Amino acid sequence: MNKNLQSLSPALVWKHFARIAAIPHPSSHEERIREYIVETVKSLGLECSEDAAHNIHAFKPATSGMENRKGIILQAHLDMVPQKNNDKQFDFLNDPIEAYIDGDWVTADGTTLGADNGIGAAAILAVLEDKTLVHGPVEALFTATEETGMDGAFGLEAGVLKGEILLNLDSETEGELYVGCAGGMDADIRLPYEAEKAPQQGYKALKIDVKGLKGGHSGIQIVCQRANANKLLFRLLLETEKYGVLLASADGGGLRNAIPREASATVLVPQQHEERFALTVEEFEKTVRAEFEGIEDSIAVTAAATAAPAEIIPAATTAKLIRAIVGCPDGVRKMSPAMEGLVETSTNLARVVSDGKCIAAQCLLRSSVRSEKEELGQAIAAVFELAGAKVTLSGSYDGWNPDMQSPILKAMRESYSALYGREPQVTAIHAGLECGIIGSKYPGLDMISFGPTICYPHSPDEKVEIASVGKFYDFLLHTLRNAPVKK
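Below is a summary of the structure that appears in this document. (Residues numbered from 1 in each chain as written. Predicted model: local features only at pLDDT ≥ 70, side-chain atom pairs only at ≥ 80, totals over all residues. Heavy atoms only, no water.)

With respect to the overall build of the chain
The secondary structure content of the chain amounts to 11 helices and 23 strands. Expected size for 487 residues packed as a compact globule is a radius of gyration near 23 Å; at 24 Å, the chain falls within 12% of this value. With the C-alpha coordinates of the chain rotated into their principal frame, the extents come out at 85 × 50 × 40 Å. Within the chain, the proportion of its 487 residues that are buried is 58%. For the chain, the proportion of contacts with a sequence separation of at least 24, taken over those separated by at least 6, is 79%. Entry remark: accessible area of the chain is about 19,700 Å², with carbon and sulfur atoms responsible for 48%. If the 47 positive side-chain charges of the chain are averaged to one point and the 66 negative ones to another, these points end up 1 Å apart. (Helix = DSSP H or I, 4+ residues; strand = E, 2+ residues; numbered from the N terminus. Rg over C-alpha atoms; globule rule 2.2 N^0.38 Å. Buried < 20%, exposed > 50% of the residue type's maximum accessible area, 1.4 Å probe, protein only. Contact = heavy atoms within 4.5 Å. Areas by Shrake-Rupley, 256 points an atom, 1.4 Å probe, with all protein chains shown as cover. Lys, Arg positive; Asp, Glu negative; His and termini not counted. Charge placed at Lys NZ, Arg CZ, Asp CG, Glu CD.)

Below, the structure is given as structure tokens:
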């Protein structure tokens, strides 16, 4: 396993990425990565500051003769999504990411890699460090806690940024320029209950596991129509309800912006129905494998003996919960009529977990149309409120509308064509890029999002294509050299 990332090119980018990967920085635990960024920038003799929202802002003056160019803000976020395989022993708060070279890619051993958005941050640090570059005024903006709520972008104050152009380095397909993104909203659901003592006789305790799903980013991969482990688990619970199954606990999914790969439940099955229950589980696995053939390759649905629980969720609450989860909207709701292949509205039932007193669920809604996002939120709230849950809709933010006459779009199209002999693809993304929030605080800011090719972000299969990092960085440098002149 070759872990020598610093042998790769461009050397400065990979040097900083290797150092970033070695520093634990999951969302809401970014203290050490902020310290590294600040120390690095100050060691270069550049201005650097941290705001109340824990964003880091730095400035590098224009090189001689480039003072008349529009100021460019390079932006990336500091945090990474902490996801690992169940059989991987790993502490995201203390352990360095075990990044290694795998052929044409860099990936990690059993965990997310953090190329989202570590490569973007590394590219910015490389630009700040390299004294041989030609560029106009450059600002760097490293935003905090993007993955779990875009806290840094929301907390960014007006008047801090001076540049006229923002380059967001958080996209994941080389050769694509993103000029728009979806808005988002969170639905937080809480269904309280008073646990009951579990029956001591006549039942077999089993743990149901749904696993082997691909998961992925709930914006980018939602169009792939991948299975949602939470939905499959509760669909199975509905099918086995006729056997008098009692639910003791449930735990499915993880982060709000990751399609759930795994979900589990501890249940008590009446002994007289054990055999039929087992057959139903086997048939269910066959059914969902057939339904997702060509999309999901490794769906596994199992039920195995486990320790008997002391308490169960009341049957009436369980019945309501099962129906609410089964009825909850999930996945793609509408495709864009304006751009082929682009999702317009979607939702991800990201999390379902019980703690002995309350069942909590969480959905992340996305849409480029505000009214559709709001209607979807109302639909989700209605389903769970009928089950007696309290639903809170929060964190709503609008999307970023494309400007096809953008000066930086014109310049970057020309740069890409000059470098690679073909036009870049101009598109929009069904994900919540920080551009929408930052643009609302800085009206008139000219924005583009781009990046290298990163596959399977937000999952342990995450990997970044080595060659694409070089192309992405060369494109960034060419863009800086050819920034539009101030009017």
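Some thoughts on helix H11 (residues 466-481)
Given a rise of 1.5 Å per residue, 16 residues ought to cover 22 Å, and the 23 Å separating the end C-alpha atoms of H11 matches this to within 8%. In terms of residue burial, H11 counts as a mostly covered element, since 12 of its 16 residues are buried. Where H11 is concerned, the buried positions are Ile-466, Ser-468, Val-469, Gly-470, Phe-472, Tyr-473, Phe-475, Leu-476, Leu-477, His-478, Thr-479 and Leu-480. (Expected span 1.5 Å × (residues − 1).)

Structural notes on the environment of Asp-209
Mapped onto the secondary structure, Asp-209 falls in strand E11 (residues 203-211). Under the relative-accessibility criterion, Asp-209 is labelled buried at 15%. For Asp-209 and Asp-251, which are 42 residues apart along the polypeptide, the C-alpha to C-alpha distance reads 9.8 Å. A polar contact of 2.7 Å, which involves the side chain of Asp-209, links it to the side chain of Lys-207. (Polar contact = N/O pair within 3.5 Å; in protein donor to acceptor, adjacent residues only side chain to side chain.)

Some thoughts on the side chain of Ser-218
Along the chain, the position of Ser-218 falls in the loop between E11 and helix H5 (229-239). On the accessibility criterion, Ser-218 (1% relative accessible area) is buried.

A short note on the packing of helix H3 (residues 115-129) against H11
Viewed as axis vectors pointing N to C, H3 and H11 meet at an angle of 45°, and their least axial separation amounts to 11 Å. Relative to H11, the element H3 is oriented oblique. When you trace H3 past H11, the crossing you get is right-handed. Of H11, the residues touching H3 (which contributes Ile-119, Ala-123, Ala-126 and Val-127) are Val-469, Phe-472, Tyr-473, Leu-476, Leu-477 and Leu-480. (Axes fitted to C-alpha atoms, helices over the stretch in contact; angles between N-to-C directions. Parallel < 35°, antiparallel > 145°, perpendicular 65-115°, else oblique. Left-handed = near helix turned anticlockwise from the far one by under 90°.)

Digging into the sheet that holds strand E4 (residues 99-102)
In space, the 4 strands of this open sheet follow the order E4-E5-E23-E22, with antiparallel pairing throughout. Of all strands in the sheet, those bounded by a partner on one side alone are E4 and strand E22 (454-455). As judged from the 4 bridges shared by E4 and strand E5 (residues 105-108), these two strands associate in the antiparallel manner. Bridging from a neighbouring strand, Ile-101 pairs with Val-106 of E5. Relative to the sheet, H11 contacts E4, E5 and strand E23 (463-465), its axis offset from that of E23 by approximately 60°. (Pairing = 2+ DSSP bridges.)

Thoughts on the packing of aromatic side chains
For the coordinates displayed, the defined rule picks out 7 aromatic pairs. When the ring of Phe-90 is compared with that of Phe-92, the centres are 4.8 Å apart and the planes differ by 65°; the resulting orientation is edge-to-face. By relative accessible area, which is 11% here, Phe-90 ends up buried. Relative to Phe-475, the ring of Tyr-416 lies with its centre 5.1 Å away and its plane at 80°, an arrangement referred to as edge-to-face. Of this pair, Tyr-416 sits in helix H9 (residues 407-420) while Phe-475 sits in helix H11; the two residues are 59 residues apart in sequence, bridging distant segments of the chain. Both residues of the pair, Tyr-416 and Phe-475, belong to the buried class. Members of the aromatic cluster, each reached through a chain of ring pairs, are Tyr-416, Tyr-420, Phe-450, Phe-472 and Phe-475. Over the ring of Tyr-420 we find Lys-471, and its NZ or CZ is 4.6 Å from the ring centre. (Phe/Tyr/Trp six-rings, centres within 6.5 Å; stacked < 30°, edge-to-face > 60°. Lys NZ or Arg CZ within 6 Å of the ring centre and 35° of its normal.)

Some words on the nonpolar core
Grouped together as the largest cluster of nonpolar side chains are 68 residues, with contacts concentrated most on Trp-14, Val-106, Leu-167, Phe-450 and Leu-476. Here Phe-450 is in contact with Leu-167, Asn-168, Leu-169, Asp-170, Ser-171, Glu-176, Leu-177, Met-412, Phe-472, Phe-475 and Leu-476, once residues within four sequence places are set aside. Ranked by size, the runner-up nonpolar core spans 50 residues in total, among them Met-185, Ala-187, Phe-284 and Ile-299. (Core = buried A, V, L, I, M, F, W, Y, C linked by side-chain atoms within 4.5 Å.)

A look at the pattern of salt bridges
Scanning the model with the defined rule gives 20 salt bridges in all. Note that Glu-283 is salt-bridged to Lys-286, the shortest N-O span being 3.7 Å. In this pair, Glu-283 and Lys-286 both sit in helix H6 (residues 274-291), 3 residues apart, roughly one turn of the helix. Relative accessible area serves as the criterion here: at 52%, Lys-286 is assigned to the exposed category. Between Arg-289 and Glu-285 there is a salt bridge; the shortest N-O distance is 3.8 Å. Linking Arg-289 with Glu-285, this pair stays in helix H6, spanning 4 residues, or about one helical turn. The exposure class of Arg-289 is partly exposed, given its relative accessible area of 44%. Several salt bridges converge on common partners, so that one network encompasses Lys-88, Glu-98 and Asp-109. (Salt bridge = Lys/Arg side-chain N within 4 Å of Asp/Glu carboxyl O.)

Examining the pairing of E5
Side chains Trp-105 and Thr-107 project from E5 onto one buried face, and the interleaved Val-106 and Ala-108 project onto a second face that is buried too. Pairing geometry for E5 and E23, over 3 bridges, is antiparallel. Opposite Val-106, over in E23, you have Val-464 as the bridge partner.

With respect to the packing of helix H1 (residues 11-21) against helix H2 (residues 31-43)
When two helices pack together, their arrangement is given by the angle between the helix axes and the distance between those axes. It is at 10 Å that the axes of H1 and H2 come closest, and there the two elements cross at 145°. In terms of crossing hand, the pair formed by H1 and H2 is right-handed. For the pair H1 and H2, contact is made by His-16, Arg-19 and Ile-20 and by Ile-33, Tyr-36 and Thr-40, respectively. Looking at the contact of H1 with H2, its residues break down into 3 nonpolar, 2 polar and 1 charged. (Nonpolar A, V, L, I, M, F, W, Y, C, P; charged D, E, K, R; others polar.)

Without other data, these values stay purely geometric and don't point to any function.
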